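# Fold and geometry: a report
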Amino acid sequence: MKVLISGGSGLVGTALTQALRAEGHTVSLLVRPGGDTSPGNIRWDPVSSFVNVAAMEGVDAVVNLNGASIGGGRWTPERKKLLRSSRVDSTRVLEDALSRMKQKPGVFVSASAIGYYGDRGDEILTESSSSGTDFLSLVTRDWEAEASRAESLGIRTVIARFGLILSAKGGALPRMLTPFKLGAGGRLGNGKQWMSWIALEDVIGALRAAAANEHLAGPVNVVAPNPVQNSEFTRVLASVLHRPAIFPAPAFALRLALGEMADALLLSSQRVEPAQLSANRYAFKFENLEPALHAILAKA
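Note on numbering: residues in each chain are counted from 1, in written sequence order. Thresholds applied to this predicted model are a pLDDT of at least 70 for local features of residues and 80 or more for the giving and counting of side-chain atom pairs; totals over whole chains, interfaces and linings are not thresholded and use all residues. Values shown for side chains rest on all heavy atoms present in the structure; no hydrogens or waters enter the calculation.

### Overview of empty space enclosed by the protein
Throughout, the protein atoms alone are placed on a 1 Å grid, and a set of points is a cavity if a 1.4 Å probe fits but cannot get out or a pocket if it is open with protein on both sides within 12 Å along at least five of seven lines; lining residues have an atom within 4 Å of a point. Grid points are joined across faces, edges and corners, and a volume is the space filled by probe spheres set on the points. Counted under the stated rule, the structure contains 1 cavity of 30 Å³ or more. Reported here for the largest cavity is a volume of approximately 30 Å³. Mapped by element, the contributors of at least two residues to the lining of the largest cavity are β8 (156–162), α6 (200–212) and β12 (218–222). For helices the rule is a DSSP run of H or I covering at least 4 residues; for strands it is a run of E covering at least 2, with both sets numbered from the N terminus onward. Among the elements that line the lining of the largest cavity, the one with the most residues is α6, at 3 residues. Under this grouping Gly is polar, as are all residues other than the nonpolar Ala, Val, Leu, Ile, Met, Phe, Trp, Tyr, Cys and Pro and the charged Asp, Glu, Lys and Arg. By residue class, the composition of the lining of the largest cavity is 8 nonpolar, no polar and no charged.

As C-alpha cells, this is what we get:
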C-alpha cells in the first residue's frame, strides 16, 4: 500500500511509519513549513489551508493523527483554542484536500479519543454510547464530525478513539514513572475512576487492521479489553517498579495544580470496551495491564 500520514512525527505516527515501512509499504508524511523535506513527503500548511493535492494522488490510505498534546500545558483559553484548532480545523483542511483528489483513497483513518464519552463512572461504554458534554467531549465530537465527511466522498472512514496509550517512548507513562521511582507514587483522587489503556504496539496493530479490514468503519475504540480502576493501575505500576504506592494525590490538589485539565485527564472515569475490534477478531498482544507494563518498561 501507499499510505499518507498527517501528524506523523508524534509518538503514534513515528511508530506507525516504522511498522508500515518494515512491511514494505510506501509511507509519505504531510509536513508543515520547516518540516522534514525527505523525498516523498508532501507539503501542507493547515493554518493557511494549503495542501499539495496533486502530490497526494495515488495514495491507498490516509491516516490523520493531527492534534496538539492534550496534556501539554494548563488549559488556558489560548491553549484550548489550540487544542481545538489543531484537531478540528486541521482535519477540515485535510478533508477539503481529499474532496479535490481525482482518485480518492480507499480508506481514511482519523484519530480521536475516548474523551468523547466524558466522565461516565462505572458505565460500560461501546462505540454506540453517547458523547459527553465537557470541553474535551465537545472538541472530540466536532473533530469526528469533520473526519466523517470523508464518508460522503465514498471513502471508507474509521474513527480511532484512542485510550491511554502506554509506551516508554512518550505519552503519559514516562511522566507517571517519576513519582513512583522516587517512592512517592499513589492513586489519583479516590482511585475509583476507570482507566482504559492500550499498549502502543496494539495501537499500531489496530491502525493497520483499520486500514486493511474492509469490515471496520465508523468509530472504533482503540483500547485493551481489560480496563482497570486507577487504584489498580497504581498498584500494578508500583509492583512492576518494585516501589511503594502510598502517597495518594487528593483531587483538590490536582485541581489546584492543573485546573480543568485535572478533571478531564486524571479524575474522569471511562470504562471503555473495544467492541468493534473484538467483533472483527483483532488479536491483542496485551490484554492485561501487568504483562503489558512489564514488556513496556523492559524496553525503557
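So, next bit.
### Considerations on the side chain of Ser110
Inspection of the secondary structure assignment puts Ser110 in strand β6 (residues 107–113). Type-normalised accessible area, obtained with a 1.4 Å probe on protein chains alone, sets the label of each residue: buried when under 20%, exposed when over 50%, and partly exposed for intermediate values. Residue class for Ser110 comes out buried when judged on its relative accessible area of 1%. Definition of a polar contact: a pair of N or O atoms within 3.5 Å, with one able to donate and the other able to accept a hydrogen when the atoms are protein atoms, and with sequence-neighbouring residues admitted only if both atoms are side-chain atoms. Of the polar contacts made by the side chain of Ser110, one reaches the side chain of Asn64; its length is 3.0 Å. In this structure Ser110 touches Asn64, Thr91, Trp143, Ala147, Val158, Ile159 and Ala160, once residues within four positions along its chain are discounted. Note on contacts: a residue pair is in contact if any heavy atoms of the two residues lie within 4.5 Å.

### With respect to the environment of Ala245
For Ala245, the location among the structural elements is in the loop between α7 (230–241) and α8 (251–258). With a relative accessible area of 32%, Ala245 lands in the partly exposed category. A C-alpha to C-alpha distance of 29 Å links Ala245 and Leu136, two positions 109 residues apart in sequence. Excluding its chain neighbours within four sequence positions, the residues that come into contact with Ala245 are Phe180, Gly185, Gly186, Thr234 and Ala238.

### Concerning the side chain of Gln193
Mapped onto the elements, Gln193 comes out in the loop between α5 (173–181) and β10 (194–195). Among the residues examined, Gln193 registers a relative accessible area of 5% and is labelled buried. Not counting chain neighbours up to four residues away, the residues in contact with Gln193 comprise Leu188, Val228, Gln229, Asn230, Leu266, Leu267, Ser268 and Ser269.

### Topic: the nonpolar core
To form a nonpolar core, buried Ala, Val, Leu, Ile, Met, Phe, Trp, Tyr and Cys residues must be joined to one another through side-chain atoms within 4.5 Å. Formed by 37 residues in total, the largest nonpolar core has its most connected members in Ile5, Val12, Phe162, Val203, Leu207 and Val222. For this core, the elements supplying multiple residues, two or more each, are β1 (2–6), α1 (11–22), β2 (26–31), β5 (61–64), β6, β8, α6 and β12. Here the element with the most residues in this core is α6; it accounts for 8 residues. Apart from residues no more than four positions distant in its own chain, Val203 is found in contact with Val12, Phe162, Ile165, Ile198 and Val222. Among the nonpolar cores identified, the runner-up in size contains 21 residues, and Val228, Phe286, Ala292 and Ile296 belong to it.

### Points about the environment of Glu95
The topology assignment puts Glu95 in helix α3 (residues 77–100). The spatial distance from the C-alpha of Glu95 to the C-alpha of Ala199 is 29 Å, given a sequence separation of 104 residues. In contact with Glu95, not counting residues within four places along its chain, are Phe108, Glu146, Ala147, Arg149, Ala150 and Leu153.

### Overview of the packing of α3 against helix α4 (residues 135–147)
Remark: α3 packs on α4, axes separated minimally by 8 Å, with the N-to-C direction vectors making an angle of 10°. Relative to α4, the element α3 lies roughly parallel. Facing α3, whose interface residues are Lys80, Leu83, Arg84, Arg87, Val88, Thr91, Arg92 and Glu95, α4 presents Phe135, Val139, Asp142, Trp143, Glu146 and Ala147. Class assignment of the residues belonging to the contact of α3 with α4 gives a composition of 6 nonpolar, 1 polar and 7 charged. Only the stretch in contact is used when a helix axis is fitted, and all axes are lines through C-alpha atoms; the angle between N-to-C directions ranges over 0 to 180 degrees. Here the word oblique covers every angle except those under 35 degrees (roughly parallel), over 145 (roughly antiparallel) and from 65 to 115 (roughly perpendicular).

### Details of the pairing of β2
A large share of β2 lies buried, amounting to 5 of its 6 residues. For two strands to be treated as a pair, DSSP must find at least two bridges joining them. Where β1 and β2 come together, 5 bridges link them in parallel fashion. Residue pairing for β2: Lys2 is matched across the bridge by Thr26. The handedness rule is simple: strands pointing away from the viewer, and a clockwise path from the first strand over the helix to the second, make the crossover right-handed. Tracing the backbone out of β1, into α1 and back to the parallel element β2 gives a crossover that is right-handed. The pairing of β2 with strand β3 (residues 42–45) spans 2 bridges and is parallel. The partner of Val31 across the bridge, within β3, is Arg43.

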